[in-house]
Amino acid sequence: MNSEKEYSMISSIFVNKKASSKLWAVVKVVLIFYIAVALFKTLMDGKLDVGAVFGNIIMPLVILAAAFQGSKAGGGYETIGLTLRFFKEKLQVVYGEKDYHDGNGVRVKVYEILYSDIQQMEYSMSLICIRLAGKYRLKEYQDETLADTGMCLTDQELQHELYIYPERDKAEAIVTDLSEFSGQNVNYRK
């Protein structure tokens, strides 16, 4: 099925920060060493004090776990290839190959949104961002060549918001086409 209109561009998408495997290895070594020393010290004292064991072992575990989680926290926007395809009944948003650092590896994300399922459309002129609220289908593929075969990794229907960051010089034309193809008004925000 050929699209009636198509835009290809470089966009940005939010990606979780990759946890450092070197950091995790250092944390494990320090943790094992600290627990071994704490247990040895407790055994050498000749008395089993539950409070001391918890204080010497559990507290560092909590601190190190928090430090590791803190190192994973956050993330940021990364560039990605984006293709928008306007069909008669739906919009297809295709994000190129990307590792989202969520353990699922590199994949292509394809969002399909029926115009009739869009509840709200907004365009932020200052952020150059289109927000679509409503129901859509997300399909994930291992690479772009598999998108045409139907062999997808995941296929799920979602009720959520989708944010699209088009290139500045294409944004107005995309918003105009979105309004024309969907038959709905796009709310403009500064």
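Our subject is the structure that appears above.
Values in this document were obtained by computation on a predicted structure and should not be read as measured data.

*Asks:* Please explain the overall build of the chain as it appears in this structure.
*Replies:* A count of helical and extended segments in the chain gives three helices and eight strands. Scanning the chain from its N terminus toward the C terminus, one meets helices and strands in the order β-α-α-β-β-β-β-β-β-α-β. Residues classed as buried in the chain amount to 34% of the 190 residues present. When the accessible surface of the chain is split by element, carbon and sulfur atoms take 57% of a total near 11,700 Å².

*Asks:* Where do I start with the nonpolar core in this structure?
*Replies:* Within soluble globular proteins, side chains that are nonpolar tend to cluster in buried spots. Ranked by size, the top nonpolar core spans 30 residues in total, and within it Leu84, Val93, Tyr95 and Ile164 carry the most contacts. Within the residue set of this core, elements represented by two or more residues are strand S1 (5–16), strand S2 (75–86), strand S3 (90–99), strand S4 (106–114), strand S5 (118–124), strand S6 (129–141), strand S7 (154–164) and helix H3 (168–182).

*Asks:* Even after reading the chapter, I still don't get unusual backbone geometry, so can you show me in this structure?
*Replies:* Positive phi values are uncommon outside glycine, yet Ile128 reaches one of about 50°. Secondary-structure assignment places Ile128 in the loop between S5 and S6. Given a relative accessible area of 10%, Ile128 falls into the buried group.

*Asks:* Any chance you could explain H3 here in plain terms?
*Replies:* Side chains that are three or four residues apart share a direction in an α-helix, a result of its 3.6 residues per turn. For H3, with 15 residues, the first-to-last C-alpha span of 22 Å sits near the 21 Å given by 1.5 Å per residue. Within the sequence span of H3, burial applies to Ala171, Ile174, Val175, Asp177, Leu178 and Ser182. Its buried side turned inward, H3 meets S1, S2, S3, S5, S6 and strand S8 (187–189). Just beyond H3, the residue with positive phi is Gly183, at close to 75°.

*Asks:* Would you mind showing me how to read the pairing of S4 here?
*Replies:* A regular strand places its side chains so that they alternate between the two faces of the sheet. In terms of burial, S4 is a largely internal element, seven of the nine residues being buried. Two elements, S3 and S4, share eight bridges in a ladder whose sense is antiparallel. For Lys90, the partnering residue across the bridge sits in S4 and is Leu114. Adjacent in sequence and paired antiparallel, S3 and S4 are bridged by six residues, among which His101 carries a positive phi angle near 55°. When S4 meets S6, the two strands line up antiparallel, connected through five bridges. Each bridged residue has a counterpart across the sheet, and for Val110 the counterpart in S6 is Lys139.

*Asks:* I tried to follow the packing of aromatic side chains on my own but got confused; where do I start?
*Replies:* Each aromatic ring pair is summarised here by two numbers: the centre-to-centre distance and the angle between the ring planes. Summed over all chains, the structure comprises eight aromatic pairs. Both rings, one in Tyr7 and one in Phe86, keep their centres 6.1 Å apart while their planes meet at 80°; by these two values the pair is edge-to-face. With a gap of 79 residues between them, Tyr7 in strand S1 and Phe86 in strand S2 connect regions that are remote in the sequence. Each member of the pair, Tyr7 together with Phe86, is buried. An angle of 85° between the planes, with centres 5.8 Å apart, marks the rings of Tyr123 and Tyr188 as edge-to-face.

About the thresholds
Residues numbered from 1 in each chain as written. Predicted model: local features only at pLDDT ≥ 70, side-chain atom pairs only at ≥ 80, totals over all residues. Heavy atoms only, no water. Helix = DSSP H or I, 4+ residues; strand = E, 2+ residues; numbered from the N terminus. Buried < 20%, exposed > 50% of the residue type's maximum accessible area, 1.4 Å probe, protein only. Areas by Shrake-Rupley, 256 points an atom, 1.4 Å probe, with all protein chains shown as cover. Core = buried A, V, L, I, M, F, W, Y, C linked by side-chain atoms within 4.5 Å. Expected span 1.5 Å × (residues − 1). Contact = heavy atoms within 4.5 Å. Pairing = 2+ DSSP bridges. Phe/Tyr/Trp six-rings, centres within 6.5 Å; stacked < 30°, edge-to-face > 60°.

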